[in-house]
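Architecture at a glance
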Amino acid sequence: MAVPKQKKSRSKSRSRNAQNIKFARPNVQGCVNCGTPVRPHHVCEECGYFKDSPVLPADGYSEYPENE
Ligand SMILES: [Zn+2]
């Protein structure tokens, strides 16, 4: 079996392994109602839906029906 002649430096190893890093991305799912990308456990800002039911007016967070 071929054996490396010299130990690879920490820098060399890490720069090689850096090619395989997966960058953290925010988890995104499609809204059930309109298909807009929405983070899990968050209300859709486009249509105001959360888990198959409307919880906000379609405009977004600005107007709540109770506060009128
Ligand atoms: Zn939606």
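This one's a predicted model, so the numbers in the text were calculated from it and none came from an experiment. (Residues numbered from 1 in each chain as written. Predicted model: local features only at pLDDT ≥ 70, side-chain atom pairs only at ≥ 80, totals over all residues.)

Considering the overall build of the protein
Defined as follows: Only DSSP runs of H or I covering at least 4 residues are called helices, and only runs of E covering at least 2 are called strands; the numbering of each starts at the N terminus. Whether a residue is buried, exposed or partly exposed is read from the other C-beta atoms within 10 Å of its own C-beta, which are placed from the backbone; 20 or more gives buried, 12 or fewer gives exposed, and intermediate counts give partly exposed. Contact between two residues is assigned whenever their backbone-derived C-beta positions fall within 7 Å.
A count of helical and extended segments in the protein gives one helix and four strands. What you see in the protein, going N to C, is helices and strands ordered as α-β-β-β-β. For the protein, the residues scored as buried account for 4% of the 68 residues in total. Looking at the protein alone, contacts between residues at least 24 apart form 0% of all its contacts between residues at least 6 apart.

Remarks on the environment of Val28
Position of Val28 among the secondary structure elements: in the loop between α1 (10-17) and β1 (29-30). Take Val28: there are 10 C-beta atoms within 10 Å of it, and that puts it in the exposed class. Between the C-alpha atoms of Val28 and Arg39, which are eleven residues apart in sequence, the distance is 4.7 Å. With residues up to four places along the chain from it excluded, the contact list for Val28 reads Pro37 and Arg39.

Observations concerning the confidence of the model for the protein
Stated formally: Each residue carries a pLDDT value, the predictor's own confidence for that position, ranging from 0 to 100.
When pLDDT is averaged along the protein, the result is 81; 82% of the residues meet or exceed 70. The least confident element of the protein, judged by mean pLDDT, is strand β4 (residues 53-54) at 78; the most confident is α1 at 94.

A closer look at unusual backbone geometry
Phi at His41 is positive, roughly 65 degrees, even though this residue is not glycine. Relative to the assigned elements, His41 resides in the loop between β2 (37-38) and β3 (49-50).

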